Amino acid sequence: MKILVINCGSSSLKYQLIDMENESVLCKGLCERIGINGSKITHKANGQAWTEETPFPTHTEAFAKLVDMMTTGEGAVVADKSEIGAIGHRVVQGAEFFTESCLVDDSVIDKIEEIAPLAPVHNMAHVQGLRSAKAVFGAHVPNVVVFDTTFHQTMPPKAYIYGVNYEMYEKYSIRRYGAHGTSHRYVSKAAAEYLQKDPSELKMVTCHLGNGSSITAVDGGKSIDTSMGLTPLAGVLMGTRCGDIDPSVVTYMEQKLGIHGQEMADYLNKTSGLLGISGISSDKRDVEEAAAAGHERAKLAEDMLNYQIKKYIGSYTAAMGGLDCLVFTGGIGENDHNLRAGVCENMEFFGIKLDLEKNKQRGADIIDLTAEGGKVKILLVCTNEELMIARDTLALVQD
């Protein structure tokens, strides 16, 4: 079966077509600036890439265009859209209503829309994508939704309830939900397979590090705690997000800056993090280059990030009563050997001992970075959320 994997943003649509016979990617691409002037599609297939400017008033036109790119011209990989057996969609927020991936019907779309206030930008885009997919492919093609939050539904209440009045949870569903669950699920399973262990035997900390970052304690194959919270703003320092701060910092800054509500949310989400601390860039590569050249605030941003990741690893090791495996994934986690070295430095008392030469290796889906004598396995695992979505989709369609 060929499965189309979709990740819709408010003005974008990423896609991959995966042949589940051998789990190979037949094509992939990105529709950008949907609903904005200058919209375009970039389509990659058959070892080549094509970019074409074309108007996308809505996600429906973007879907129609990607079908055209997949079925005609040099980028064609299927003769007709009827060869696509199912569509799998990434959805950021499932709240407590969705504890696992599921087939889509109108009630599912309505519920995703209902809980959109918990992820207003993301969930409404997913709703648009689901309705557009139905319009372009027809009701006979099954759609499946895979939620970023479902992997974290195994967290116990002591981990997800906030220390505010309990009625905030009862009335408004305010709690820790986490994010990147599909990635954490994929890499924790891949790590267990690599180690030839049943997931139930392992205590892991998985570090998904990129422009947005989250860290998860995975005990016995289940998430028991994670760094992101009600929204993706919590946790460690990120590209433009502040991560964990004292809540009173927000009210104090509101007084000083004279901004409130969405303006303050934008300040915390879009002008903070690596960008706000370094004053240079939200891109870790730029910050690292500046730090190496002696830029003090860039060096501070690096030190803060490494320190915060280290603290989460330590706290989750304590929460699980031990640690068997530490996993690095995501754009920064997979590619930044200096960050991995900084995080693992002086962690030998936990059994974490990094081989600095192995740490510089690249090119494999999984690399063992553990130094001789290390008691905790340190693995670089390339994440593949699209494949995880495709696998869930296949399992539900065939069930």
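Per an unreviewed UniProt entry, the protein goes by the name Acetate kinase and belongs to Candidatus Allofournierella pullistercoris. The annotation that UniProt attaches to the protein under Subcellular location (unreviewed entry) is "Cytoplasm". Recorded in UniProt under Pathway (unreviewed entry), the annotation for the protein is "Metabolic intermediate biosynthesis; acetyl-CoA biosynthesis; acetyl-CoA from acetate: step 1/2."

Asks: Give a detailed account of the pattern of salt bridges, specifying residues and quantitative values.
Replies: Throughout the structure, instances matching the rule amount to 20 salt bridges. Note that Lys203 is salt-bridged to Asp219, the shortest N-O span being 3.5 Å. Residue Lys203 is located in strand β9 (residues 203-208), and its partner Asp219 is located in strand β10 (residues 214-219); the two are separated by 16 residues in the primary sequence. The network of salt bridges with common partners includes Lys284, Glu288, Glu302 and Asp336.

Asks: So what's going on with the packing of helix α11 (residues 296-320) against helix α13 (residues 337-344)? Residues and values would help.
Replies: Put simply, α11 and α13 touch, their axes get as near as 8 Å, and they point 55° apart. Here α11 is positioned oblique relative to α13, judged by the angle of their axes. Crossing handedness for the pair α11 and α13: right-handed. Along its contact with α11, which presents Leu305, Asn306, Ile309, Lys310 and Ile313, the element α13 presents Leu339, Gly342, Val343 and Cys344. Residues belonging to the contact of α11 with α13 are distributed by class as follows: six nonpolar, two polar and one charged.

Asks: An account of the state of the cysteines is needed here, citing residue identities and associated values.
Replies: Scanning the model with the defined rule gives zero disulfides in all. Among the cysteines around Cys344, which has no disulfide bond, Cys207 carries the closest sulfur, lying 8.4 Å off. Of the residues examined, Cys344 reaches a relative accessible area of 4% and is grouped as buried. Cys382 carries a free sulfur, and the closest cysteine sulfur to it, the one in Cys325, is 14 Å from it.

Asks: I'd love a proper account of the UniProt feature "binding site: Mg(2+)" (unreviewed entry) in the protein, names of residues and values included.
Replies: With numbering matched to this structure, UniProt assigns "binding site: Mg(2+)" (unreviewed entry) to Asn7 and Glu385. The greatest C-alpha distance among the annotated residues, which extend across 379 residues, is 10.2 Å, indicating that they converge on a single site. Along the chain, Asn7 falls in strand β1 (residues 2-8). Here Asn7 falls in the partly exposed class, since its relative accessible area comes to 22%. For Asn7, the residues in contact, after removing those within four places along its chain, are Ser12, Leu13, Lys14, Arg90 and His126. With respect to the helices, strands and loops of the structure, Glu385 is situated in helix α14 (residues 385-398). What Glu385 contacts, discounting residues up to four positions off in sequence, is Thr182, Ser183 and His208.

Asks: I'd love a proper account of the pairing of strand β8 (residues 143-147), names of residues and values included.
Replies: Within β8, five of the five residues are buried, leaving the element largely enclosed by the surrounding structure. Along β8, one buried face is formed by Asn143, Val145 and Phe147 and the opposite face, lined by Val144 and Val146, is buried too. Bridge analysis of strand β6 (residues 84-91) against β8 gives five bridges, and the strand direction is parallel. Its bridge partner lying in β8, Gly88 is registered against Val144. Sheet topology places strand β7 (residues 102-103) next to β8; two bridges connect them, and they run antiparallel. By the bridge assignment, Leu103 is partnered in β8 with Val144.

Asks: So what about the packing of aromatic side chains? Which residues, and what values?
Replies: Aromatic ring pairs: the centre-centre distance and the angle between the two ring planes describe each pair. Within this structure, the stated rule accounts for six aromatic pairs. Their ring planes at 15° and their centres at 4.5 Å tell us that Phe98 and Phe147 sit as a pair that is stacked. Of this pair, Phe98 sits in the loop between β6 and β7 while Phe147 sits in strand β8, and the two are 49 residues apart along the sequence. Judged by its relative accessible area of 1%, Phe147 is buried. Following the ring pairs from residue to residue traces out a cluster consisting of Tyr160, Tyr166 and Tyr169. Positioned over the ring face of Phe137 is Lys81, at 6.0 Å from the centre of the ring. The residue whose ring lies beneath Arg175 is Tyr160, and the NZ or CZ to ring-centre distance is 3.7 Å.

Asks: Let's hear about the sheet that holds strand β12 (residues 325-329): which residues, and what values?
Replies: If you trace the six strands from one edge of the open sheet to the other, you get β11-β10-β9-β12-β14-β13, paired in mixed fashion. Edge positions in the sheet fall to β11 (222-226) and β13 (366-368), since each of these pairs with one other strand and no more. When strand polarity is set aside, the average angle formed by the axes of neighbouring strands in this sheet is 25°. Pairing of β13 with strand β14 (residues 377-381) involves three bridges; the strand directions are antiparallel.

Asks: Before we move on, can you summarise the sheet that holds strand β4 (residues 40-45) with the specific residues and values?
Replies: What links the strands of a sheet is backbone hydrogen bonding, and the strands pair in either a parallel or an antiparallel sense. Taking strand neighbours across the sheet as the criterion, the eight strands line up as β5-β4-β3-β2-β1-β6-β8-β7 in an open arrangement whose pairing is mixed. Lying at the two open borders of the sheet, with one neighbouring strand each, are β5 (48-53) and β7. Across six bridges, strand β3 (residues 24-32) lies against β4 in antiparallel orientation. Bridged to Cys27 within β4 is Ala45. Across the sheet, α14 is in contact with β1, β2 (13-19), β6, β7 and β8; its angle to β6 comes to roughly 125°.

Cut-offs and rules
Residue numbering note: each chain is counted from 1, following its sequence as written. Local features in this predicted model are restricted to residues of pLDDT 70 or higher, and side-chain atom pairs are both shown and tallied only at a pLDDT of 80 or more, whereas totals for entire chains, interfaces and linings draw on every residue. The side-chain numbers reported here are obtained from all heavy atoms of the structure, hydrogens and water having been left aside. UniProt positions are given in the numbering used here, feature names are shortened, and annotations may be inferred rather than shown by experiment. Whenever a carboxyl oxygen of Asp or Glu lies within 4 Å of a side-chain nitrogen of Lys or Arg, that contact is scored as a salt bridge. Secondary structure elements follow DSSP: runs of H or I of four or more residues count as helices, runs of E of two or more count as strands, with numbering from the N terminus. Note on geometry: axes are C-alpha line fits, over the in-contact stretch for helices, and angles between N-to-C directions span 0 to 180 degrees. Any angle that falls under 35 degrees is termed roughly parallel, while one over 145 is termed roughly antiparallel, one within 65 to 115 roughly perpendicular, and all others oblique. Two helices cross in a left-handed way if the nearer one is turned anticlockwise from the farther one by less than a right angle. They cross in a right-handed way if the turn is clockwise. Working rule for contacts: check all heavy atoms of both residues, and any pair within 4.5 Å makes them a contact. Polarity classes work like this: nonpolar for Ala, Val, Leu, Ile, Met, Phe, Trp, Tyr, Cys and Pro, charged for Asp, Glu, Lys and Arg, and polar for all others, with Gly in that last group. By disulfide we mean two sulfur atoms from cysteines, separated by a distance within 2.5 Å. Residue burial is assigned from relative accessible area. The probe radius is 1.4 Å, only protein chains are included, and a residue is buried under 20% of its type maximum, exposed over 50%, and partly exposed in between. Any two strands with at least two DSSP-identified bridges between them are counted as paired. Two aromatic rings, drawn from Phe, Tyr or Trp (for Trp, its six-membered ring), form a pair once their centres lie within 6.5 Å of each other, and the interplanar angle then sorts them: stacked below 30 degrees, edge-to-face above 60, tilted otherwise. Put simply, a charge is over a ring when the Lys NZ or the Arg CZ is close to the ring centre, within 6 Å, and near the line of the ring normal, within 35 degrees.

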